[in-house]
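Structural overview for review
One letter stands for each residue in the lines below.
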Amino acid sequence: MTEVIQAIFVPSSETRHQPKPHTVYCVEVHAAVRTWVVWKRYSEFIKLHNQFESIFPKHPVPVQLPAKSFFPSTFNNPDKVDHRRRGLEEYLRAILSNRDDRWRQTDVWKDFLAIPQGRAIESNSTTSYTSETWLDEYNAMANTARQVRSLINKRGTHNARNEISASHNCTVQAKKLLVTLSTHTSNLDSALNGLAKGPEAMADGELRRRQDMLATLRDEKDALLKLVNSGRQEQELLKPRRSQTTLQQRQPPKRSQTIGPGRAFGAAAAAQMAKETEVTRGLDNDGLLQYQNQVMTDQDQQIEQFSALLARQKQLGFAIGDELETQNQILDELDGDVDRTALKLKFASKKLATIK
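Residues numbered from 1 in each chain as written. Predicted model: local features only at pLDDT ≥ 70, side-chain atom pairs only at ≥ 80, totals over all residues. Heavy atoms only, no water.

1. Topic: the sheet that holds strand E1 (residues 5-16)
With respect to topology, 3 strands assemble into an open sheet ordered E1-E2-E3, the strand pairing being antiparallel. The open sheet has two edge strands, E1 and strand E3 (35-41), and neither has a second partner. Each strand axis lies, on average, 25 degrees off the axis of its neighbour in the sheet, ignoring direction. Against the sheet, helix H1 (residues 42-55) makes contact with strand E2 (22-31) and E3, and its axis sits at roughly 95 degrees relative to E3, the strand it touches most. On the sheet, helix H2 (residues 78-97) packs against E1 and E2 and is oriented at approximately 160 degrees with respect to E1. (Pairing = 2+ DSSP bridges. Helix = DSSP H or I, 4+ residues; strand = E, 2+ residues; numbered from the N terminus. Axes fitted to C-alpha atoms, helices over the stretch in contact; angles between N-to-C directions. Contact = heavy atoms within 4.5 Å.)

Take a look at the structure:
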């Protein structure tokens with residue numbers, strides 16, 4: 001997976017004295033979910049340009065590099081340095097925005113901008129996973145999904161309080177975690193296919209269980225992606241949040257299906273007992289108590305966020321009421337002005353009739 005570059009800027013330059021005095025230019029690269037900076041000398045821009053000319057001799061770069069100045073030298077001349085900086089920025093942005101992407105697909109361009117490149121999972125890379133390490137990786141990604149959900153909820157709270165900067169930071173962090181989640185989910189899928197083959201292949205029942213777990217995690221990832229990209233987070237926060245610790249369970253059983261309408265004894269009571277879930281199976285009493293405390297903590301957080309939303313709605317209601325009062329006052333004044341204008345018009349009509 002390669003980062004998709006959205007914008008490039010060369011906002012500043014800097015003079016360095018090691019190994020000898022020279023000027024470097026700050027190249028700021030903006031991708032979908034991250035931003036990074038690389039420092040380049042003018043000679044490195046020339047090297048990039050020459051490599052483009054050697055690779056595509058019949059297709060010149062859309063914009064030429066700013067010319068090199070010998071007499072007088074650009075070094076220690078702020079005006080010339082700034083002029084070159086603008087020219088270098090125009091050069092990079094012309095390549096980025098050009099319809100022909102031949103230059104952007106080269107390795108020299110990616111190396112020049114230090115674009116991070118992920119490694120695709122090959123068929124033989126699944127051997128690095130064992131049954132235990134696969135579960136460890138899955139649990140780590142489930143925890144990442146919980147972190148994304150928590151960031152989305154925090155963003156909703158910041159939006160309700162008009163804390164724009166904090167809300168934006170939550171969005172950026174959530175997108176970064178989603179990129180990691182997407183990559184590792186694909187890794188888990190490929191690794192699971194590898195574990196299903198070979199002399200020590202996984203049992204069919206366990207394989208189907210893990211496939212269901214992975215499908216639920218993938219659905220959760222898609223839902224989180226929609227929430228991050230959606231602008232209607234306040235409405236989403238009003239809905240009951242599905243706990244990330246129950247990823248293996250698609251829908252919880254209804255009360256009538258587990259407990260029943262009345263008391264039961266013997267075999268009927270055993271048949272109506274609550275079903276065990278993937279989360280609670282294997283937990284002792286202390287683990288169940290800790291899990292219950294975690295669920296209650298999540299519910300308390302939802303109540304706090306719901307209270308913040310209600311406070312925001314109350315403020316909006318007050319603002320709407322004040323605006324209605326102002327508009328009513330303006331309408332009353334307008335009505336009075338209309339009456340006065342009508343009287344003046346009537347008086348003027350009488351005078352006009354007298355003159356005739």
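2. So, H1
Since the α-helix packs 3.6 residues into each turn, any two residues three or four apart lie on the same face. If you check H1, its first and last C-alpha atoms are 20 Å apart, about what 14 residues at 1.5 Å a residue would give, namely 20 Å. All of the buried residues in H1 are Tyr42, Phe45, Leu48, His49 and Phe52. Along the long axis of H1, the arc covered by the buried residues comes to 115 degrees, so they all point the same way. Structural note: H1 exposes Lys47 and Ser54 on the side pointing more than 90 degrees away from its buried face. Buried residues belonging to H1 abut E2, E3, H2 and helix H3 (107-112). (Expected span 1.5 Å × (residues − 1). Buried < 20%, exposed > 50% of the residue type's maximum accessible area, 1.4 Å probe, protein only. Arc of directions from axis to C-beta.)

3. Section: the environment of Trp134
Mapped onto the elements of the fold, Trp134 is located in helix H4 (residues 131-160). Judged by relative accessible area, Trp134 falls into the buried class, the value being 0%. Along the sequence, Trp134 and Asn187 sit 53 residues apart, while their C-alpha atoms lie 9.7 Å from each other.

4. Structural notes on the pattern of salt bridges
One pass over the structure, following the stated rule, counts 12 salt bridges. A salt bridge links Glu220 to Arg149, with the shortest nitrogen-to-oxygen separation between them at 3.1 Å. With Glu220 in helix H6 (residues 204-229) and Arg149 in helix H4, the pair connects residues that are 71 residues apart, well separated along the chain. With a relative accessible area of 1%, Glu220 lands in the buried category. Overall, the relative accessible area of 12% leaves Arg149 in the buried class. Here Asp189 and Arg218 are joined by a salt bridge, their closest N and O atoms 3.6 Å apart. Here Arg218 lies in helix H6 and Asp189 lies in helix H5 (residues 164-195), a separation of 29 residues in the sequence. (Salt bridge = Lys/Arg side-chain N within 4 Å of Asp/Glu carboxyl O.)

5. As for the nonpolar core
Ranked by size, the top nonpolar core spans 28 residues in total, and within it Val27, Phe52 and Leu92 carry the most contacts. Those elements that place two or more of their residues in this core are E1, E2, E3, H1, H2 and H3. Per element, the largest residue contribution to this core is 6 residues, and it comes from H2. Those residues within four positions of Val27 in sequence are excluded, and the remaining contacts are Ile8, Phe9, Val10, Trp36, Val37, Val38, Lys40, Phe45, Leu92 and Leu113. (Core = buried A, V, L, I, M, F, W, Y, C linked by side-chain atoms within 4.5 Å.)

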